[in-house]
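An overview of the molecular structure
One letter stands for each residue in the lines below.
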There are 2 protein chains.
Amino acid sequence: MICNKVLMLIFDGMPDRPVEELGFSTPLQAATKPAMDAVAERGASGTMDVIAPGIVPGSDTAHLALFGYDPFKYYSGRGPFEAAGVGIDCKHGDVAFRCNFSTVDEKMRVIDRRAGRIKEGTAELAKAITGMKFDGIEVTFKEATEHRGVLVLRGEGLDPRVSDVDPHEQYAMVQECRPLSPEAKLTAKVVNSFVRESHRILAESQVNLERASKDLPPANIVLPRGAGALNRLERFEARYGLKASGIAGVSLLKGVFRILGFDLVDVKGATGGLDTDMSAKGQAALKALGSSDLVAVNVKAPDITGHDGDFAGKVAVIERIDKMVSEVVKDLPSDVLLVMLSDHSTPVSMRNHSADPVCIAMAGKGLRVDSTEKFDEISCAFGVLDGMLGIEVVPRVLGVIGRAEKFGA
Amino acid sequence: MICNKVLMLIFDGMPDRPVEELGFSTPLQAATKPAMDAVAERGASGTMDVIAPGIVPGSDTAHLALFGYDPFKYYSGRGPFEAAGVGIDCKHGDVAFRCNFSTVDEKMRVIDRRAGRIKEGTAELAKAITGMKFDGIEVTFKEATEHRGVLVLRGEGLDPRVSDVDPHEQYAMVQECRPLSPEAKLTAKVVNSFVRESHRILAESQVNLERASKDLPPANIVLPRGAGALNRLERFEARYGLKASGIAGVSLLKGVFRILGFDLVDVKGATGGLDTDMSAKGQAALKALGSSDLVAVNVKAPDITGHDGDFAGKVAVIERIDKMVSEVVKDLPSDVLLVMLSDHSTPVSMRNHSADPVCIAMAGKGLRVDSTEKFDEISCAFGVLDGMLGIEVVPRVLGVIGRAEKFGA
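The rules behind these values
- Residues numbered from 1 in each chain as written.
- Chains lettered and ligands numbered in written order.
- Predicted model: local features only at pLDDT ≥ 70, side-chain atom pairs only at ≥ 80, totals over all residues.
- Heavy atoms only, no water.
- Helix = DSSP H or I, 4+ residues; strand = E, 2+ residues; numbered from the N terminus.
- Buried < 20%, exposed > 50% of the residue type's maximum accessible area, 1.4 Å probe, protein only.
- Lys, Arg positive; Asp, Glu negative; His and termini not counted.
- Charge placed at Lys NZ, Arg CZ, Asp CG, Glu CD.
- Least-squares fit on C-alpha atoms with pLDDT ≥ 70 in both.
- Salt bridge = Lys/Arg side-chain N within 4 Å of Asp/Glu carboxyl O.
- Pairing = 2+ DSSP bridges.
- Contact = heavy atoms within 4.5 Å.
- Buried area = accessible area lost by both parts, 1.4 Å probe.
- Polar contact = N/O pair within 3.5 Å; in protein donor to acceptor, adjacent residues only side chain to side chain.
- Nonpolar A, V, L, I, M, F, W, Y, C, P; charged D, E, K, R; others polar.
- Phe/Tyr/Trp six-rings, centres within 6.5 Å; stacked < 30°, edge-to-face > 60°.
- Axes fitted to C-alpha atoms, helices over the stretch in contact; angles between N-to-C directions.
- Left-handed = near helix turned anticlockwise from the far one by under 90°.
- Expected span 1.5 Å × (residues − 1).
- Arc of directions from axis to C-beta.
- Patch = residues over 30% accessible without salt bridge, like charges linked within 9 Å, V, L, I, M, F, W, Y side chains within 5 Å.
- Areas by Shrake-Rupley, 256 points an atom, 1.4 Å probe, with all protein chains shown as cover.
- Disulfide = S-S within 2.5 Å.
- Parallel < 35°, antiparallel > 145°, perpendicular 65-115°, else oblique.

Scanning chain A from N- to C-terminus turns up 14 helices and 15 strands. C-alpha extents for chain A along the principal axes are approximately 65 × 55 × 35 Å. Within the span of chain A, comprising 409 residues, buried residues form 58% of the whole. Averaging the positions of the 49 positive and the 56 negative side-chain charges in chain A gives two centres separated by 4 Å.

If you want it as structure tokens, here you go:
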């Protein structure tokens, strides 16, 4: 009679604003998307602020909120999520950074922030600089995709309130890491020691000698940024009583899933890019529902088209996603509550995340059905779920599937 | 592609309740107001509780909320806002009071709370009693409009939790100022000293001798009320990154603007009364948009008709304001987001502020447009902005113009 499992389809950055070239429709309004609209029609809809009114959500903070974790309480920076995304489990007390392999000249000026978008040899470079120790602090470094990497500091007395070493622009000087709070002096000192020492080691590495011989910019330094520490958090299953699995192409979101204790489902062809195999993601989600109570799938493509300012591309991506939704709905067991939502809007007119509310629609047995018939930014605002916050999604979903806590007698 | 400036038109006390004499329409529903309705039609609308459900907003607390400052945190009494309105900048630690020049008899009974609505000579009276010092506390007194004045105490150890000296009714005795908290003993003592000493000085003043000769009641005492201290607050521009200007006829609202660091725009003919020159206010606002990111205009007239219980007058005032809106819209640059809203409802049936929600409508490039077609208390409740709080207006506006902060990555 009621659902007892949940499938969350998270359409990254899908909501938008009226687009002049689309006759002042939003891409969601302009797209042909019968499957999504059918979900809105046979279910309950709303719009919501994912974090709070007037806050532009990041991908990481938004996903924390959508899984029921207040980002103001649990988030201090992107580092630990990136680290988790490449398989390093941060502990409470660790400080983690995102890094780039970059190219600097002899004056420590940044010649190329991405070292020619280096793709090969980064595992070898990472191996050469990981495992150092400064002032009693252990340093772990691991390569991520392409020119990216992750730095994790572990030991007593660390604090994430430090400035970036990465100057964030080409031809600028490498920055000293500065403590932004007196408690962070040790952290800054260790970061500076690591940057100096790794520069010395990388400059002489075999990988860079070979790059030089091919006229490629050397990956001769690592530039940390985005320091963060992981606040103690209760895993999703312990907190909400649901065994959860997550599917995502991008490493940052894999990191969010890992940190919350989701099982990561690897899907062949799920890249986190525009070329991602959406059908494969949908089928993997259906399969994961066999052994999980909640499966969350992030579909990154609409966000990419938003960042590109590509309104036609966004419409096309929405229509491809609709096909995936239609395939999923066809085979969805009748005890699964389907929840479609987004982590934030990425309007093509802004080429960036915005504070505009996102759409949510749920369908499944036992749900109160409203009269919303379309899944878009305006139609959903007139549904029964309107006015929610992102952090309320999981509690409300628990309510629908009869797993919410009773308070009182 | 998106707006980057903001014009806020604040229609003071405009929302109302169904009025029997208007066929149970509200004045907003009964008025012919094509310009306001057009804004609602081409934009997004809602109704909102300016402070919180069931809280009747004052003008000062409401405006604080509408500019993004939680009045529960920043407001302790009207005094500092009145003081700012007459040009006295309170510092953190000062305690300020609104005052009346009043007439007392020899038993200290209040014969006339407004000293015959004295209009002339108050500057001279104020000069005679300002600059005193009691227990190390400096006392500043300044006249305001008509019988009104402002008292500011400055020094160590002050606290605003004291009772009013003004008994608030005719023929009652002047009250001792009592500390309402042990920390406020010094403040109460200084207030009582000031009231006694100023009574002695005023009673013998030349102004009052002349009034006596004309059979006018003497302004022979000052009665403080509404003690307040100014909590530290960050100026609007520092807090939100928008350079702001404010236009208001009434002194209290000028005070709010000053305290938040708005540029005050003086408009000839803008009186804060029913005779105010609305066109001039609208034109001044358009001009101020040249050098400001946000311009706020308070139009007081609808509140006055509400307090007067004058439903026909309220309809007429709304129609006059609609003309102003039409003039403004005609010349509004296309990069300006227009926001129409109110600080509170002032129903003619209550002759006072009420806790009823107010209407809000925004229009401008990039905004998601809903199907609301009228600017009134019922139509707006079905718009996409419904269910807001006053304190969310500025964050949401920042979101629309792409100036909201990103949280996370």
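Having seen it, we continue.
Another point: the relation of the copies chain B and chain A. Overlaying chain B on chain A yields an RMSD of 0.2 Å, the required transformation being a rotation through 120 degrees with an accompanying axial translation of 0.5 Å. Such values leave the two copies arranged in the relation of a three-fold axis. Residue Gly 387 of chain B, judged by its C-alpha, is the member of chain B lying nearest the rotation axis, at 4.0 Å.

Residues and elements named next belong to chain A. For the structure on display, the rule yields 39 salt bridges over all chains. Between Lys 300 and Asp 12 there is a salt bridge; the shortest N-O distance is 3.6 Å. With Lys 300 in the loop between strand S12 (294-299) and helix H12 (301-307) and Asp 12 in the loop between strand S1 (5-11) and helix H1 (27-30), this residue pair connects regions lying 288 residues apart in the sequence. By relative accessible area, Lys 300 is classed as buried at 12%. Classification of Asp 12 by relative accessible area gives buried; the value is 0%. Through salt bridges with shared partners, one network takes in Asp 12, Lys 300 and Asp 303.

Before going further, it helps to spend a moment on the pairing of strand S2 (residues 44-49) of chain B. All names here are of chain B. Burial analysis of S2 places six of its six residues in the buried class, which makes it a mostly covered element. Alternating positions in S2 separate into two faces, Ala 44, Gly 46 and Met 48 on one and Ser 45, Thr 47 and Asp 49 on the other, with burial throughout. Of the pairings in the sheet, the one linking S2 to strand S13 (residues 358-363) comprises five bridges and is antiparallel in character. Directly across from Met 48, in S13, lies its bridge partner Val 358. As paired elements, S2 and strand S14 (residues 388-389) share two bridges and run parallel to each other. Pairing of Met 48 across the sheet is with Met 388, part of S14.

The next thing to look at is the interface of chain B and chain A. Tallying the contact residues gives 22 residues for chain B and 32 residues for chain A. Where chain B abuts chain A, roughly 2100 Å² becomes buried across the two surfaces, and 60% of that area is made up of carbon and sulfur atoms. When the buried surface of chain B facing chain A is broken down by residue, Arg 368, Phe 407 and Ala 409 of chain B rank first, second and third, together holding 40% of it. Summed over the shared surface of chain B and chain A, the number is one salt bridge. In this assembly, chain B and chain A are joined by 12 residue pairs in polar contact (both at pLDDT 80 or more). Taken together, the elements giving at least two residues each to the side of chain B that touches chain A come down to helix H14 (393-400) and strand S15 (405-407) of chain B. No other element matches the four residues that H14 of chain B contributes to the side of chain B that touches chain A. Considering only residue class, the side of chain B that touches chain A consists of 11 nonpolar, five polar and six charged.

In this structure the tally under the stated criterion is 26 aromatic pairs over all chains. With centroids separated by 5.2 Å and ring planes inclined at 25 degrees, the aromatic side chains of Phe 257 of chain A and Phe 262 of chain A adopt a geometry described as stacked. On the basis of relative accessible area, Phe 257 of chain A is assigned to the buried category, the value being 1%. Of the residues examined, Phe 262 of chain A reaches a relative accessible area of 5% and is grouped as buried. Their ring planes at 25 degrees and their centres at 6.2 Å tell us that Phe 141 of chain B and Phe 194 of chain B sit as a pair that is stacked.

We now examine the packing of helix H3 (residues 59-66) of chain B against helix H10 (residues 251-260) of chain B. Residues and elements named next belong to chain B. H10 packs onto H3 with a crossing angle of 35 degrees between their chain directions and a minimal axis gap of 10 Å. For the element pair H3 and H10, the recorded crossing hand is right-handed. Facing Ser 59, Asp 60, His 63 and Leu 64 of H3, the residues of H10 in contact are Leu 252, Leu 253, Val 256 and Leu 260. When grouped by side-chain class, the residues that make up the contact of H3 with H10 number five nonpolar, two polar and one charged.

This next bit is on helix H13 (residues 311-331) of chain B. Given a rise of 1.5 Å per residue, 21 residues ought to cover 30 Å, and the 31 Å separating the end C-alpha atoms of H13 of chain B matches this to within 8%. Those residues of H13 of chain B that fall on the buried side of the exposure criterion are Gly 313, Lys 314, Val 315, Val 317, Ile 318, Ile 321, Asp 322, Met 324, Val 325 and Val 328 of chain B.

Our focus in this paragraph is helix H14 (residues 393-400) of chain A. Those residues of H14 of chain A that sit buried are Val 393, Val 394, Val 397 and Leu 398 of chain A. Buried residues along H14 of chain A cover an arc of 130 degrees about the axis, so they all sit on one side.

What follows is about unusual backbone geometry. Residue and element names in this part refer to chain B. With a phi angle near 65 degrees, His 168 is a residue other than glycine that sits in the positive phi range. Residue placement: His 168 occurs in the loop between strand S7 (148-154) and helix H7 (185-203). A positive phi angle, close to 65 degrees, is found at Tyr 171, a residue other than glycine.

Glancing now at a nonpolar patch on the surface. A cluster of nonpolar side chains, namely Phe 382 of chain A together with Ile 378 and Phe 382 of chain B, defines an oily patch on the protein surface of about 320 Å² accessible area. Within the secondary structure layout, Phe 382 of chain A lies in the loop between strand S14 (358-363) and strand S15 (388-389).

Together, Arg 114, Arg 117, Lys 119 and Arg 148 of chain A line one region of the surface with positive charge. Within the secondary structure layout, Arg 117 of chain A lies in the loop between strand S5 (110-112) and helix H6 (122-129).

Turning to the pairing of strand S12 (residues 336-341) of chain B, a few remarks are in order. Residues and elements named next belong to chain B. Among the six residues in S12, six count as buried, and that is most of the element. Neither face of S12 is open: one carries Val 336, Leu 338 and Met 340, the other Leu 337, Val 339 and Leu 341, and all of them are buried. Relative to S12, strand S1 (residues 5-11) runs parallel, the two sharing six bridges. Across the sheet, Val 6 pairs through a bridge with Leu 337, a residue of S12.

The strands that make up a sheet pair up through hydrogen bonds in the backbone, lying either parallel or antiparallel. Residues and elements named next belong to chain B. Here eight strands make up an open sheet; going across it, the order is S10-S9-S11-S1-S12-S13-S2-S14 and the pairing mixed. The open sheet has two edge strands, strand S10 (263-264) and S14, and neither has a second partner. Packing against the sheet, H13 makes contact with S1, strand S11 (294-299) and S12, and its axis sits at approximately 170 degrees to S1. Contacting S1, S2, S12, S13 and S14, H14 crosses the sheet at an angle of about 155 degrees to S12.

Bringing the state of the cysteines into the picture now. Residues and elements named next belong to chain A. As enumerated under the stated definition, the model contains zero disulfides over all chains in all. No disulfide involves Cys 99; its sulfur sits 11 Å from the nearest other cysteine sulfur, which is in Cys 177. Under the relative-accessibility criterion, Cys 99 is labelled buried at 2%.

Here the focus is the environment of Asp 112 of chain B. Residues and elements named next belong to chain B. Relative to the helices and strands, Asp 112 resides in strand S4 (residues 110-112). Residues Asp 112 and Gly 269 lie 157 residues apart in sequence; the distance between their C-alpha atoms is 31 Å. Here Gly 116 takes part through its backbone nitrogen, which lies 2.9 Å from a polar atom of the side chain of Asp 112.

What follows is about the packing of helix H11 (residues 278-288) of chain B against H13 of chain B. Residues and elements named next belong to chain B. Between H11 and H13, the shortest axis-to-axis distance is 9 Å and the interhelical angle comes to 30 degrees. Between H11 and H13, the angle is such that the two are roughly parallel. When the axes of H11 and H13 are compared, the crossing they make is right-handed. Here H11 contributes Met 278, Ser 279, Gly 282, Gln 283 and Leu 286 to the contact with H13, which in turn contributes Val 317, Arg 320, Ile 321, Met 324, Glu 327, Val 328 and Asp 331. The class makeup of the residues in the contact of H11 with H13 is six nonpolar, three polar and three charged.

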